[in-house]
Amino acid sequence: MLSRKTEDYLEAIYDEIKEKGYVRVKALAERLKVKPPSVSEMLSRLHSQGYVIYRKRSGITLTLEGEKIAKSIRARHDIFEKFLKIIGVPDEIAGKDACILEHHLDKKTIAQFKAFVEFAEQKENKQFSKAFREFCRKKRETNPPS
Ligand code: FE2
């Protein structure tokens, strides 16, 4: 199993490429909230592990293997973000917490989260999500969070 750090880097590189078409050390440092020298060091490590192609003063790209992993982490992130929004977690928290949930969970657990999201998104089940959010709203009214 890859470390959370490795997965976070591959996901961040993938997202940068998707959003801008290229990756810079500075942008990765900002996204991952670390210092640029730490990014360079990690990129060299990911390069030697075969996940990234990184040479100083030229571009940063993912290898096929790196891209495969990044895509699967991104897919997991999307499942958890959707799940958290369905259960009423505010958007800005859902994105942040999805980045925590996307690591370390068993594949079977993730598959069930995915199935739940698909279930909740079906038209005939929208009522279910609505009822749940209504339930939460009433609960907050009678029992505000401390
Ligand atoms: Fe993430």
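Keep in mind it's a predicted model, so treat the numbers as computed, not measured. (Residues numbered from 1 in each chain as written. Predicted model: local features only at pLDDT ≥ 70, side-chain atom pairs only at ≥ 80, totals over all residues. Heavy atoms only, no water.)

Visitor: Before we go on, may I ask you to explain the side chain of histidine 77 in this structure?
Guide: Locating histidine 77 in the fold gives a position in helix H4 (residues 64-86). With relative accessibility at 4%, the residue histidine 77 sits in the buried group. What histidine 77 contacts, discounting residues up to four positions off in sequence, is Glu11, Gly95, Ala98, Cys99 and Glu102. (Helix = DSSP H or I, 4+ residues; strand = E, 2+ residues; numbered from the N terminus. Buried < 20%, exposed > 50% of the residue type's maximum accessible area, 1.4 Å probe, protein only. Contact = heavy atoms within 4.5 Å.)

Visitor: I'm lost on the environment of lysine 114 in this one. Help?
Guide: Inspection of the secondary structure assignment puts lysine 114 in helix H6 (residues 107-121). The class for lysine 114 is partly exposed, based on a relative accessible area of 42%. Sequence separation between lysine 114 and phenylalanine 83 is 31 residues, and the spatial gap between their C-alpha atoms is 8.1 Å.

Visitor: What exactly am I supposed to notice about the pattern of salt bridges here?
Guide: Side chains that differ in sign of charge can pair as their charged atoms come close. According to the stated counting rule, one finds 17 salt bridges in the structure shown. Its salt-bridge partner being lysine 96, residue aspartate 97 comes within 3.7 Å of it at the nearest N-O pair. The exposure class of aspartate 97 is partly exposed, given its relative accessible area of 27%. A salt bridge links arginine 137 to glutamate 141; its shortest N-O distance comes to 2.6 Å. Placement of the pair is arginine 137 and glutamate 141 together in helix H7 (residues 126-142), with a separation of four residues, close to one helical turn. (Salt bridge = Lys/Arg side-chain N within 4 Å of Asp/Glu carboxyl O.)

Visitor: What is the right way to look at the packing of aromatic side chains in this model?
Guide: For any pair of aromatic rings, geometry is given as the distance between the ring centres together with the angle between the planes. A complete count under the given rule lists seven aromatic pairs for this structure. A ring pair is formed by phenylalanine 116 and phenylalanine 128, whose centres lie 6.0 Å apart and whose planes are at 70 degrees; its orientation type is edge-to-face. A residue pair is termed long-range when its members are at least 10 positions apart, and phenylalanine 116 in helix H6 and phenylalanine 128 in helix H7 qualify at 12 residues. In this structure phenylalanine 128 comes out as partly exposed when scored by relative accessible area, which is 39%. Between phenylalanine 119 and phenylalanine 128 the ring centres are 5.6 Å apart and the planes differ by 70 degrees, which places this aromatic pair in the edge-to-face class. Following the ring pairs from residue to residue traces out a cluster consisting of Phe80, Phe83, Phe113, Phe116, Phe119 and Phe128. (Phe/Tyr/Trp six-rings, centres within 6.5 Å; stacked < 30°, edge-to-face > 60°.)

Visitor: For this particular structure, what's the right way to read unusual backbone geometry?
Guide: Among all residues except glycine, the phi angle is most often negative; among peptide bonds, the trans geometry is most common. Non-glycine residue lysine 33 carries a positive phi angle of around 55 degrees. The class of lysine 33 is exposed, set by a relative accessible area of 73%.

Visitor: Mind showing me how you'd approach the domain arrangement of the chain here?
Guide: Where interface size is quoted, it is often the accessible area lost as the parts come together. We note that the domain assignment places domain 1 (4-62) and domain 2 (73-142) within the chain. Taking the mean C-alpha position of each, domain 1 and domain 2 sit 29 Å from one another. Contacts between the two partners involve six residues from domain 1 and, on the opposite side, nine residues from domain 2. Roughly 680 Å² of surface becomes buried between domain 1 and domain 2 when both sides are summed, with 49% attributable to carbon and sulfur atoms. Summed over the three residues of domain 1 that lose the most area to domain 2, namely Arg4, Glu7 and Glu11, the buried surface amounts to 78% of that side. At the junction of domain 1 and domain 2, the tally comes to three salt bridges. Where arginine 76 meets glutamate 7, a salt bridge forms, and the shortest distance between an N and an O atom there is 3.8 Å. In the side of domain 1 that touches domain 2, the residues fall into one nonpolar, no polar and five charged. (Domains from an automatic or database assignment. Buried area = accessible area lost by both parts, 1.4 Å probe. Nonpolar A, V, L, I, M, F, W, Y, C, P; charged D, E, K, R; others polar.)

Visitor: Hey, could you run me through the coordination of the iron ion in this one?
Guide: In an ideal octahedron of six donors the angles at the metal are 90 or 180 degrees, and in an ideal tetrahedron of four donors they are 109.5 degrees. With distances of 2.3 to 2.7 Å, the protein atoms coordinating the iron ion are Glu11 (OE), Glu11 (OE), His77 (ND1), Cys99 (SG), Glu102 (OE) and Glu102 (OE). Given six donor atoms and angles of 51 to 148 degrees at the metal, the environment of the iron ion is assigned as irregular. As a motif over one chain, the donors of the iron ion read E-x65-H-x21-C-x2-E. Here glutamate 11, found in helix H1 (residues 4-20), pairs with glutamate 102, found in the loop between helix H5 (91-101) and H6; they are 91 residues apart in sequence, far enough to count as distant. (Donors = N, O, S within 2.8 Å, 3.2 Å for Na, K, Ca; no water. Tetrahedral: all angles 85-135°; square planar, octahedral: opposite > 155°, others 65-115°.)

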